[in-house]
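Structural characterization, general
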Amino acid sequence: MLEEMLTYLSTHTGNIAEQIGTHLGISLVSLLAAALIGLPCGYLASRSVKWENVVSIPFEILRVVPSLALLILLIPLMGTGVWPAVTALTVLAIPPILLNTIAGFRSVPDFMVESASGIGMTEQEILKQVRIPSAMPMILAGLRTGLVEVIASATLAAKIGAGGLGEIIFTGLGLNRTDLLLIGGGLVAILSLLCGLVFDRISRRILRYKYI
């Protein structure tokens, strides 16, 4: 088994590198799109229960739908390829970002906001200098959760022709080759771990005041 895995890795290095790049690209684009939607919606929802219901409930409902089912449902609307995969993964990544953003902004102590207002800070200044820094740990935790979920679920993108490391896994399933399943699954796990470590380093720099 080990010999077969090493042989495959040595003879398909170029293809594997391309698949890793595709997998990572799809994941990062999906996370960015989810952040662009989830962060502002989370902030708005944190200011109003009405907005929270309007914004969070639809994504909570969509989150119940399995990733593969969502991909298949998008085929009649968007066809196959990268963009349906990115759309499905974006929907998957929004809930943790959205909910953590809501929780983060709501965890800001009232006395901090009142003190900032008392010294004459405008609402914009309070947002930038008080609310966002205080909410940032929770926001970053949501982004990290979204990243890990997206990288793991991006393996399904290969099912609709979007490429990525899922190609190795589905080839292994089709040919009943355990070595390919182990290689594909192992590479996804390593990629997820490395991205998590990089994200943690970035988070530590953003929150460096906590480690002084």
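I will try to describe carefully the structure that is included in this document. Computed from a predicted model, the values in this text were never measured in an experiment.

A word on the nonpolar core
Proteins that are soluble and globular tend to have nonpolar side chains buried together. With 49 residues, the main nonpolar core has Leu-143 and Ile-168 as its most contacted residues. At the level of elements, helix H1 (2-11), helix H2 (13-47), helix H3 (49-64), helix H4 (67-78), helix H5 (82-106), helix H7 (123-153), helix H8 (166-175) and helix H9 (178-206) are the ones that each hand at least two residues to this core. The leading source of residues in this core is H5, at 12 residues. When sequence neighbours within four positions are dropped, the list of residues in contact with Leu-143 reads Leu-31, Ala-35, Ile-97 and Phe-199. In terms of nonpolar packing, the next biggest core, distinct from the first, is built from 6 residues, Val-113, Ala-116, Ile-126 and Val-130 among them.

A look at the packing of H7 against H9
H9 packs onto H7 with a crossing angle of 165° between their chain directions and a minimal axis gap of 10 Å. One way to sum up the angle between H7 and H9 is to call them roughly antiparallel. Judged by the sense of rotation from one axis to the other, the crossing of H7 with H9 is right-handed. Side by side, H7 and H9 meet where Met-136, Leu-140, Leu-143, Arg-144, Leu-147, Val-148, Ile-151 and Ala-152 of the first sit next to Val-188, Leu-191, Ser-192, Cys-195, Gly-196, Leu-197, Phe-199, Asp-200, Ser-203 and Ile-206 of the second. Split into classes, the residues belonging to the contact of H7 with H9 amount to 13 nonpolar, 3 polar and 2 charged.

Examining the environment of Ser-30
By the element assignment, Ser-30 lies in helix H2. For the pair Ser-30 and Gly-196, spaced 166 residues apart in the sequence, the C-alpha separation amounts to 16 Å. For Ser-30, the contacting residues outside a window of four places in its chain are Val-86, Leu-89, Thr-90 and Val-150.

Concerning H9
Relative to the 42 Å expected for 29 residues at 1.5 Å per residue, H9 spans 42 Å between its end C-alpha atoms, a close match to the ideal helical length. Looking only at H9, the buried set comprises Asp-179, Leu-180, Ile-183, Gly-184, Leu-187, Val-188, Leu-191, Ser-192, Cys-195, Gly-196, Phe-199 and Ser-203. Looking at the packing, one finds that the buried side of H9 touches H1, H2, H7 and H8.

Side note on the side chain of Thr-101
Counting through the fold element by element, Thr-101 comes out in helix H5. Assessed through its relative accessible area of 1%, Thr-101 is described here as buried. Beyond its immediate chain neighbours, meaning those up to four positions away, Thr-101 contacts Gly-38, Leu-39, Gly-42, Tyr-43 and Ile-139.

Some points on a nonpolar patch on the surface
On the surface, Val-29, Leu-77, Met-78, Val-82 and Trp-83 cluster together to form a nonpolar patch covering roughly 520 Å² of accessible area. For the nonpolar patch, the secondary structure elements donating two or more residues are H4 and H5. Within the secondary structure, Leu-77 is located in helix H4.

Reading guide: rules and limits
Residues numbered from 1 in each chain as written. Predicted model: local features only at pLDDT ≥ 70, side-chain atom pairs only at ≥ 80, totals over all residues. Heavy atoms only, no water. Core = buried A, V, L, I, M, F, W, Y, C linked by side-chain atoms within 4.5 Å. Buried < 20%, exposed > 50% of the residue type's maximum accessible area, 1.4 Å probe, protein only. Helix = DSSP H or I, 4+ residues; strand = E, 2+ residues; numbered from the N terminus. Contact = heavy atoms within 4.5 Å. Axes fitted to C-alpha atoms, helices over the stretch in contact; angles between N-to-C directions. Parallel < 35°, antiparallel > 145°, perpendicular 65-115°, else oblique. Left-handed = near helix turned anticlockwise from the far one by under 90°. Nonpolar A, V, L, I, M, F, W, Y, C, P; charged D, E, K, R; others polar. Expected span 1.5 Å × (residues − 1). Patch = residues over 30% accessible without salt bridge, like charges linked within 9 Å, V, L, I, M, F, W, Y side chains within 5 Å. Areas by Shrake-Rupley, 256 points an atom, 1.4 Å probe, with all protein chains shown as cover. Salt bridge = Lys/Arg side-chain N within 4 Å of Asp/Glu carboxyl O.

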